[in-house]
Number of protein chains: 2
Amino acid sequence: MTGATWHLSGRADHGDVRRANLALVVRVLRSGPRTRAGLAHDTTLTKATVSSLVGELVDRGLVRESGPATAGAVGRPGQQVALVGERVVGVGLEINVDYLAAIALDVRGDTRVALRQTHDPSAQVEQTVDQAARLVADVVERALVRGASLLAGVGVAAPGLVDVASGVVRVAPNLGWRDVPLRDLLLRRLDPHPWDAVAIPHARASRPLQLLVDNEANLATLAEYATSDTADRDLVYVTGGVGVGGGIVVNGHVVRGHAGFAGEVGHLPVDPAGERCGCGRRGCWETTCGLEALLRLAADPDDIVRDHDRDLDERLDLLLDRARSGDTRTLQAFDRVGRALGHGASMLVNLVNPRVLVLGGYFARLGEFLLPLVEDELASRVVAPDLGGCRVTLSRLGLAAAATGAAYAALQPVLDDPTVVPIVRASPVPEKETQ
Amino acid sequence: MTGATWHLSGRADHGDVRRANLALVVRVLRSGPRTRAGLAHDTTLTKATVSSLVGELVDRGLVRESGPATAGAVGRPGQQVALVGERVVGVGLEINVDYLAAIALDVRGDTRVALRQTHDPSAQVEQTVDQAARLVADVVERALVRGASLLAGVGVAAPGLVDVASGVVRVAPNLGWRDVPLRDLLLRRLDPHPWDAVAIPHARASRPLQLLVDNEANLATLAEYATSDTADRDLVYVTGGVGVGGGIVVNGHVVRGHAGFAGEVGHLPVDPAGERCGCGRRGCWETTCGLEALLRLAADPDDIVRDHDRDLDERLDLLLDRARSGDTRTLQAFDRVGRALGHGASMLVNLVNPRVLVLGGYFARLGEFLLPLVEDELASRVVAPDLGGCRVTLSRLGLAAAATGAAYAALQPVLDDPTVVPIVRASPVPEKETQ
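These figures come from a predicted structure and were not determined experimentally.

Thresholds applied
Residues numbered from 1 in each chain as written. Chains lettered and ligands numbered in written order. Predicted model: local features only at pLDDT ≥ 70, side-chain atom pairs only at ≥ 80, totals over all residues. Heavy atoms only, no water. Helix = DSSP H or I, 4+ residues; strand = E, 2+ residues; numbered from the N terminus. Buried < 20%, exposed > 50% of the residue type's maximum accessible area, 1.4 Å probe, protein only. Contact = heavy atoms within 4.5 Å. Areas by Shrake-Rupley, 256 points an atom, 1.4 Å probe, with all protein chains shown as cover. Axes fitted to C-alpha atoms, helices over the stretch in contact; angles between N-to-C directions. Parallel < 35°, antiparallel > 145°, perpendicular 65-115°, else oblique. Nonpolar A, V, L, I, M, F, W, Y, C, P; charged D, E, K, R; others polar. Left-handed = near helix turned anticlockwise from the far one by under 90°. Expected span 1.5 Å × (residues − 1). Least-squares fit on C-alpha atoms with pLDDT ≥ 70 in both. Domains from an automatic or database assignment. Buried area = accessible area lost by both parts, 1.4 Å probe. Polar contact = N/O pair within 3.5 Å; in protein donor to acceptor, adjacent residues only side chain to side chain. Pairing = 2+ DSSP bridges. Arc of directions from axis to C-beta. Salt bridge = Lys/Arg side-chain N within 4 Å of Asp/Glu carboxyl O. Phe/Tyr/Trp six-rings, centres within 6.5 Å; stacked < 30°, edge-to-face > 60°. Disulfide = S-S within 2.5 Å.

## Some words on the overall build of chain A
Turning to step 1, where the next piece is worked out: When helices and strands are tallied, chain A shows 13 helices and 16 strands.
Turning to step 2, where the next piece is worked out: When the 435 residues of chain A are sorted by exposure, 56% land in the buried category.
Turning to step 3, where the next piece is worked out: Taking the contacts inside chain A whose residues are at least 6 apart along the sequence as the reference set, 63% of them involve residues at least 24 apart.
Turning to step 4, where the next piece is worked out: Of the roughly 17,400 Å² of accessible surface on chain A, 50% is carried by carbon and sulfur atoms.

## Looking at the packing of helix α6 (residues 216-226) of chain B against helix α13 (residues 401-416) of chain B
Residue and element names in this part refer to chain B.
Turning to step 1, where the next piece is worked out: Two elements in contact, α6 and α13, have axes separated by 7 Å at closest approach and are oriented at 75 degrees. Comparing their axes, α13 and α6 come out roughly perpendicular. Counted together, Glu-216, Leu-219, Ala-220, Leu-222, Ala-223, Glu-224 and Ala-226 of α6 and Ala-401, Ala-402, Thr-404, Gly-405, Ala-406, Tyr-408 and Ala-409 of α13 form the full contact between these two elements.
Turning to step 2, where the next piece is worked out: A class-by-class count of the residues in the contact of α6 with α13 yields ten nonpolar, two polar and two charged.

## Observations concerning the packing of helix α2 (residues 36-43) of chain A against helix α3 (residues 47-59) of chain A
A pair of packed helices is captured by two measures, namely the crossing angle of their axes and the spacing between those axes.
Residues and elements named next belong to chain A.
Turning to step 1, where the next piece is worked out: Put simply, α2 and α3 touch, their axes get as near as 9 Å, and they point 110 degrees apart. Viewed along their axes, α2 and α3 adopt a mutual orientation that is roughly perpendicular. The two elements α2 and α3 meet at a crossing, and its hand is right-handed. Contact with α2, carried on its side by Arg-36, Leu-39, Ala-40 and Thr-43, involves Lys-47, Val-50, Ser-51 and Val-54 of α3 and no other residues of that element.
Turning to step 2, where the next piece is worked out: Class assignment for the residues of the contact of α2 with α3 results in four nonpolar, two polar and two charged.

## Some thoughts on helix α1 (residues 14-29) of chain B
Residues three or four positions apart in an α-helix share a direction because the helix packs 3.6 residues into each turn.
Turning to step 1, where the next piece is worked out: Relative to the 22 Å expected for 16 residues at 1.5 Å per residue, α1(B) spans 23 Å between its end C-alpha atoms, a close match to the ideal helical length.
Turning to step 2, where the next piece is worked out: The complete set of buried residues in α1(B) reads B:Asp16, B:Val17, B:Ala20, B:Asn21, B:Leu22, B:Ala23, B:Leu24, B:Val25, B:Val26, B:Val28 and B:Leu29.

## Here we look at the relation of the copies chain B and chain A
Turning to step 1, where the next piece is worked out: Once chain B is rotated about the relating axis by 180 degrees and shifted along it by 0.0 Å, it coincides with chain A to within an RMSD of 0.0 Å. On the angle and the small slide along the axis, the relation comes out as a two-fold axis.
Turning to step 2, where the next piece is worked out: Comparing interface residues between copies, 100% of those in chain B also lie at the interface in chain A; the contact surface is shared.

## Thoughts on the domain arrangement of chain A
Residue and element names in this part refer to chain A.
Turning to step 1, where the next piece is worked out: Here chain A is described as being made up of domain 1 (14-70 + 79-83), domain 2 (86-219 + 400-418) and domain 3 (229-397).
Turning to step 2, where the next piece is worked out: Between domain 2 and domain 3, the C-alpha centre-to-centre distance is 27 Å.
Turning to step 3, where the next piece is worked out: Opposite the eight residues of domain 2 that make contact, domain 3 presents twelve residues.
Turning to step 4, where the next piece is worked out: For the pair domain 2 and domain 3, the summed buried area comes to about 950 Å², and 51% of that belongs to carbon and sulfur atoms.

## As for the interface of chain B and chain A
Turning to step 1, where the next piece is worked out: Across the boundary between the two partners, chain B contributes 61 residues, which contact 61 residues of chain A.
Turning to step 2, where the next piece is worked out: Where chain B abuts chain A, roughly 4,800 Å² becomes buried across the two surfaces, and 64% of that area is made up of carbon and sulfur atoms.
Turning to step 3, where the next piece is worked out: Linking chain B to chain A there are 18 residue pairs in polar contact (both at pLDDT 80 or more).
Turning to step 4, where the next piece is worked out: Element by element, the count of residues in the side of chain B that touches chain A is highest for helix α10 (residues 328-352) of chain B, at seven residues.
Turning to step 5, where the next piece is worked out: Within the side of chain B that touches chain A, the residues separate by chemical class into 30 nonpolar, 20 polar and eleven charged.

## Things to note about the environment of B:Leu320
Residues and elements named next belong to chain B.
Turning to step 1, where the next piece is worked out: Relative to the helices and strands, Leu-320 is located in helix α9 (residues 312-324).
Turning to step 2, where the next piece is worked out: For the pair Leu-320 and Gly-283, spaced 37 residues apart in sequence, the C-alpha separation works out to 27 Å.
Turning to step 3, where the next piece is worked out: The contacts of Leu-320, once residues within four sequence positions are left out, are Arg-365, Leu-366, Glu-368 and Phe-369.

## Structural notes on the pairing of strand β11 (residues 211-215) of chain B
Residue and element names in this part refer to chain B.
Turning to step 1, where the next piece is worked out: Counting buried residues along β11, four of its five residues qualify, which places the element largely inside the surrounding structure.
Turning to step 2, where the next piece is worked out: Relative to β11, strand β7 (residues 150-158) is paired through five bridges, and the arrangement is parallel. Note on β11: the bridge partner recorded for Gly-155 is Leu-212.

## Structural notes on the sheet that holds strand β10 (residues 177-180) of chain A
The strands making up a sheet are joined through hydrogen bonds of the backbone, oriented either antiparallel or parallel.
All names here are of chain A.
Turning to step 1, where the next piece is worked out: Across the sheet, three strands lie side by side as β8-β9-β10; this open sheet has antiparallel pairing. Looking at which strands have only one partner, the edges of the open sheet turn out to be β8 (161-163) and β10. Pairs of neighbouring strands in the sheet enclose a mean axial angle of 15 degrees, with direction left out of account.
Turning to step 2, where the next piece is worked out: For β8 and strand β9 (residues 168-172), the ladder comprises three bridges, and the chain directions are antiparallel. Bridged to Asp-163 within β9 is Val-168.

## With respect to α9(B)
All names here are of chain B.
Turning to step 1, where the next piece is worked out: Between the first and last C-alpha of α9 there are 18 Å, a value that for 13 residues agrees with the 18 Å anticipated at 1.5 Å per step.
Turning to step 2, where the next piece is worked out: Listing the buried residues of α9 in full gives Arg-315, Leu-316, Leu-319, Leu-320 and Ala-323. All buried residues of α9 project into a common sector of 145 degrees when viewed along the axis, lining one side.
Turning to step 3, where the next piece is worked out: Buried positions along α9 lie against α8 (291-298), α10, α11 (362-365) and α12 (367-381).
Turning to step 4, where the next piece is worked out: The N-capping residue of α9, defined by a side-chain oxygen 3.2 Å from the backbone nitrogen of Asp-313, is Asp-311.
Turning to step 5, where the next piece is worked out: In the stretch just after α9, Gly-326 is the one whose phi turns positive, near 85 degrees.

## Comments concerning the pattern of salt bridges
Turning to step 1, where the next piece is worked out: This structure, assessed with the given rule, holds 57 salt bridges over all chains.
Turning to step 2, where the next piece is worked out: Across the pair A:Arg112 and A:Asp106 runs a salt bridge whose closest N-O atoms are separated by 3.3 Å.
Turning to step 3, where the next piece is worked out: B:Arg18 is paired through a salt bridge with B:Glu56; the nearest N and O atoms lie 2.8 Å apart. Within this pair, whereas B:Arg18 is found in helix α1, its partner B:Glu56 is found in helix α3 (residues 47-59), the two being separated by 38 residues in sequence.
Turning to step 4, where the next piece is worked out: Using a relative accessible area of 14% as the deciding quantity, one classes B:Glu56 as buried.

## Description of the packing of aromatic side chains
Residues and elements named next belong to chain B.
Turning to step 1, where the next piece is worked out: Taken as a whole and judged by the stated rule, the model has four aromatic pairs over all chains.
Turning to step 2, where the next piece is worked out: An angle of 55 degrees between the planes, with centres 5.4 Å apart, marks the rings of Phe-334 and Phe-369 as tilted. Note that Phe-334 is positioned in helix α10 and Phe-369 in helix α12, a separation of 35 residues in sequence.
Turning to step 3, where the next piece is worked out: Between Tyr-362 and Phe-363 the ring centres are 4.8 Å apart and the planes differ by 50 degrees, which places this aromatic pair in the tilted class.

## With respect to the sheet that holds strand β4 (residues 88-95) of chain B
Residues and elements named next belong to chain B.
Turning to step 1, where the next piece is worked out: One open sheet holds the five strands; their spatial order is β6-β5-β4-β7-β11, and the pairing between them is mixed. At either end of the open sheet lies a strand with only one pairing partner, and these are β6 (111-118) and β11. When strand polarity is set aside, the average angle formed by the axes of neighbouring strands in this sheet is 15 degrees.
Turning to step 2, where the next piece is worked out: Note: strand β5 (residues 99-106) against β6, seven bridges, orientation antiparallel. Among the inter-strand pairings, Tyr-99 is bridged to a residue of β6, identified as Thr-118.
Turning to step 3, where the next piece is worked out: Most of the contacts of α13 go to β4, to which it runs at about 140 degrees, and overall it touches β4, β5, β7 and β11.

## As for the side chain of B:Asn215
Residues and elements named next belong to chain B.
Turning to step 1, where the next piece is worked out: Within the fold, Asn-215 resides in strand β11.
Turning to step 2, where the next piece is worked out: One polar contact links the side chain of Asn-215 to the main-chain amide nitrogen of Ala-217, over a distance of 2.9 Å.
Turning to step 3, where the next piece is worked out: When neighbours within four sequence positions are excluded, Asn-215 is seen to be in contact with Ala-158, Gly-160 and Val-162.

## Concerning the state of the cysteines
All names here are of chain B.
Turning to step 1, where the next piece is worked out: In the structure shown here, the tally under the stated rule is zero disulfides over all chains.
Turning to step 2, where the next piece is worked out: The structure places no disulfide on Cys-277, whose sulfur is separated from the nearest cysteine sulfur, that of Cys-279, by 3.7 Å.
Turning to step 3, where the next piece is worked out: Judged by relative accessible area, Cys-277 falls into the buried class, the value being 7%.

## Concerning unusual backbone geometry
Residues and elements named next belong to chain A.
Turning to step 1, where the next piece is worked out: Unusually for a residue other than glycine, Asp-179 sits at a positive phi of about 50 degrees.
Turning to step 2, where the next piece is worked out: Locating Asp-179 in the fold gives a position in strand β10.
Turning to step 3, where the next piece is worked out: Residue classification places Asp-179 among the partly exposed residues on the basis of a relative accessible area of 45%.
Turning to step 4, where the next piece is worked out: Positioned with a positive phi, Asn-353 is a non-glycine residue whose angle comes to about 45 degrees.
Turning to step 5, where the next piece is worked out: A residue is classified by how much of its surface remains accessible, and Asn-353, at 1% relative accessible area, is buried.

Here it is, written out as structure tokens:
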């Protein structure tokens, strides 16, 4: 049984039921192919309903039936129903301080194209948007060349506070952005694009291309949730970089809050006597476990690991080498930072009682050292017995988390309502069921 | 238009649609009577569907049509459809450190009976449960005498960590309870009760009486949400007493977390160099703005306001008098506590971006002084512009919040699915619609 939840705002009609059940079938198939009988079992729908739903999804090009009939079985029963990866992709773009990344993800959750470019953080907004639009166009075109035929939309992850409804980046301190209408700026460059014809039109949309902008941490959280164990409906994600970001999933939904500003974890005031933060406040969580705190604790200013011109991965590898060889200063720095990470994380665990706490960014990179420290701090700080059933894991998405989440967000309308995908062929008269 | 959300786990069927629409009509009517045309407008359902739904709710005794026809209108159109308060009540019980409280609430949200008793916190578990069961029975019987004919269930608010699925109070430090199977203990006393016959049987229930146990702060949060502006789907509730408690509502649902332990706000570690908390940790939020912190700051040990034998309300009145007459020490104490309250509250506002922050318990009682201080702290600590649209309000439920929330929780199955209420009369053949 899946933990799918179907949300309806206000009134319900029978079309909603059909759409919800189509979405449920797609959701179940995302964890792997099934026979029709297996689908009926996993969705608790009748076999007749499943047959009808599968028929419609085949017509819409979202699933196919394949595989040899099981020995002894007759006709369709042994065939596997599987999602089709080629038909629909969602594209995710991440605009970060020093790179742009874009990926095309299919409905199975497989990455079909992934591109990354360095980016000058001191560039003008217009330049950055130009570069981003070209990158998105490049990814869409490569996905089309590789067989995709429909574009569900484009999701964009921005490193700041985003007004999701308007797509305006309100504040992005590390880019120096304030009130940048990113959605409109990107659409102006992308909308007259020749692949408009492949964009899936959505209800109430005034233009063919769907484009949404959200905070990078919210989208990374969505990616962690989408790729997590399906039973983990309550999740907290904390990611370490120059800042500390994160997001909260409650009962299968990323918490966005009233105005989309939820998940602002980096500035949790953990210590009134703490250091001054870049935001002007004192003792913010990221001053105790952000990347700069780690590097300052671990090395002198002239140490190679504090050379910002070097690749971060390389510098983290160096720190790992030192720690593995028992270097006291490195180990002490890891200890300080790991405990500070656990301190702030305990607040989140006490507040929302997640099933899983996912550590991302540099926290995951140094996970072999940081994870036990975090667990230790949580054990002493969480009020609920046995951490309220929470376990701590390391993200496997790495730097791709935000772009992956943006692509999931772009696919969401299709995953929620597969009827937005046009029919490719009319259903044949259904064969008589053989069992 | 209402912001109702309908949740379904997994598959959907057409009965679910009917139930969701019945629930929607009840929800709209909770804000006041409507004509059928008004209901159709507010639910966006067709007038024919509304007529059918209203007919069923009349049959189930949950609504009635009344009022004179509007001048000039013909027959039914001018009649008002209103919820019936008598038919179904939910009972809420709060077990607190020094009192027990129970109320009967009807589907309109009106309190029909309210009783409160002092209670000896050093009593044995069995004694407390005996007293609580007698109080519940008393409230049910009074509600029946006053016209209620069906009992939706009983909700119980306990001051501690509760395993909601089993109804076991895992830890309730102020009662000295550990692993108390409160649900079973209460059911053993209540189940063979003569008013079993009036209990509404629910699906999959092995006994007629529905009884659920939850944390007092979660239930108080539910009450604040249920009585708030219907547009406020994201809410944070913080209540001050000996401890500091609270709860979080995200998109219309109280956040319970994976194991029901969410909302543990009192032990947010706000100051590593802070005072030792009753929980053994250092610098918990409640050490900075719990009642004891206020009283210690405001008065010497021999001051009357620190006399625990006196009524708390009376002592708070005394502090208010002193503050209003400009007493420096009292005002300084309010300033310290109000800022500490705002400090912790800013974490919650940054994390979940609520539409409204509700202050309850003694925070509300001293609201005229504390509220501006909280607003001031939030303004300097919240990362989102304009507090992310959050406003700060004072609870109007006072000490009744937890019992009210418990009663709402007891009514929830009826509010979610009005078809659990038995039919009292068969629907007549529908009249022809006159418009």
